[in-house]
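Coordinate inspection notes
Here are the chains, one letter per residue:
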Amino acid sequence: MSTNLLIGYPLISNYALLGTTTTAATDFEAANLFNAPRSEHFKIASAATTSQVDIDFGSNVAPDFYCIMRADLIRKNDSADSNIDLIGSDSSSFSSPSTYTATLTNARLVGPNNEDFIEFPSSAASKRYWRLKITTTASFKHEYSKFAFGVALDLSRDPLYPRKLSRKTEGVFSRKANYTIDLNWAGITDANRKIFDDNIETFQDTMPVYLFTKDYHDLLNEHKIIQCNISKSEWQPIGLGLNNLSCRFEETI
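Keep in mind that what you see is a predicted model, and the values were worked out from it rather than measured.

Let's shift gears to the sheet that holds strand S11 (residues 146–150). Read across the open sheet, the three strands follow the order S8-S5-S11; overall the sheet is antiparallel. Across the chains shown, the open sheet's two edge strands, defined by having one partner strand only, are strand S8 (117–119) and S11. The mean angle between the axes of side-by-side strands here comes to 10°, regardless of whether they run parallel or antiparallel. Examined bridge by bridge, strand S5 (residues 65–69) and S11 share five bridges and lie antiparallel to one another. Bridge assignment links Phe65 to a residue of S11, and that residue is Gly150.

Another point: unusual backbone geometry. In this model, Tyr161 is joined to Pro162 through a cis peptide bond whose omega is 0°. In this fold, Pro162 is placed in the loop between S11 and strand S12 (164–168). Notably, Asp27 is not glycine yet its phi reads approximately 70°, a positive angle. Within the chain, Asn221 stands out as a residue other than glycine whose phi angle is a positive 55°. Tracing the backbone through its elements, the reader meets Asn221 in the loop between strand S14 (209–213) and strand S15 (225–239).

By size, the foremost hydrophobic cluster in this structure holds 55 residues, and its most contacted members are Tyr144, Phe147, Trp185 and Phe249. Excluding residues that lie within four positions of it along the chain, Tyr144 makes contacts with Leu33, His41, Phe42, Val53, Ile68, Met69, Arg70, Leu73, Ile74, Leu132 and Ile134. Counting 11 residues, the second-largest nonpolar core is a separate cluster that includes Leu6, Phe65, Met69 and Ala152.

This part covers the state of the cysteines. Enumeration over the complete set of coordinates arrives at zero disulfides. For Cys228, which is in no disulfide, the shortest distance to another cysteine sulfur is to Cys247 and amounts to 10 Å. The class of Cys228 is buried, set by a relative accessible area of 0%. By relative accessible area, Cys247 is classed as buried at 3%.

Per the counting criterion, the structure on display carries 10 aromatic pairs. Arranged with centres 5.6 Å apart and planes meeting at 85°, the rings of Phe196 and Trp235 form a pair that is edge-to-face. Of this pair, Phe196 sits in helix H3 (residues 190–199) while Trp235 sits in strand S15, and the two are 39 residues apart along the sequence. With relative accessibility at 12%, the residue Trp235 sits in the buried group. Taken together, the aromatic side chains of Phe57, Tyr100, Trp130, Phe147 and Phe149 make up a single cluster linked through ring pairs. The lysine or arginine in question, Arg131, covers the ring of Phe94, its NZ or CZ lying 4.0 Å from the ring centre.

Cut-off values and rules
Residues numbered from 1 in each chain as written. Predicted model: local features only at pLDDT ≥ 70, side-chain atom pairs only at ≥ 80, totals over all residues. Heavy atoms only, no water. Pairing = 2+ DSSP bridges. Helix = DSSP H or I, 4+ residues; strand = E, 2+ residues; numbered from the N terminus. Axes fitted to C-alpha atoms, helices over the stretch in contact; angles between N-to-C directions. Core = buried A, V, L, I, M, F, W, Y, C linked by side-chain atoms within 4.5 Å. Buried < 20%, exposed > 50% of the residue type's maximum accessible area, 1.4 Å probe, protein only. Contact = heavy atoms within 4.5 Å. Disulfide = S-S within 2.5 Å. Phe/Tyr/Trp six-rings, centres within 6.5 Å; stacked < 30°, edge-to-face > 60°. Lys NZ or Arg CZ within 6 Å of the ring centre and 35° of its normal.

Here you go:
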């Protein structure tokens, strides 16, 4: 059986350049899509039925997931279901593109508060340039919180049971109660440890990650995706190129 729980990490913000094709509203700049708290959003400057964000990776990448945080803001303001296109190209002009289309419906809103959207493009081509394009029926200023896509980290093992999920309001100023998720993995290879260290642990004080399940969603209390910060991670070598990993993930709200 393939690994069920994967860790999506901020491939865009760490390794790519943001294009200049979209004009953002004041205080809702495109940089908020990658390098800001969940509560800070991106919004286009003028009402429209289409909006797009372009990314240049500098080299080819074949994404296996893409997600939009606070996609509910798109769905609630549209008069019908919206189209979400992920478009890849070898050219910055997006000639001869490879397009992966999904439909944003109320049923596709997932996460602890039914605010988020995630899609898994099938056999995505490897391209240097990528575009997120949102097409709505109604014309309005498209707004959402985060856009993440890339190659998720597959540790080749699911976390050990029991796993611990707890949810509580941290204080009187908290917007919503947030999850704390304690997970432990056993027998992680040195190669996967290096990927985790280089792409996740190095940035854990500034960048969120996206825990998501592919098939069996009980591990995340049926929420399918949770945007988190890593507050603690610890490796324990156990010999023969294998390691145990303990992590505490705290949901960002």
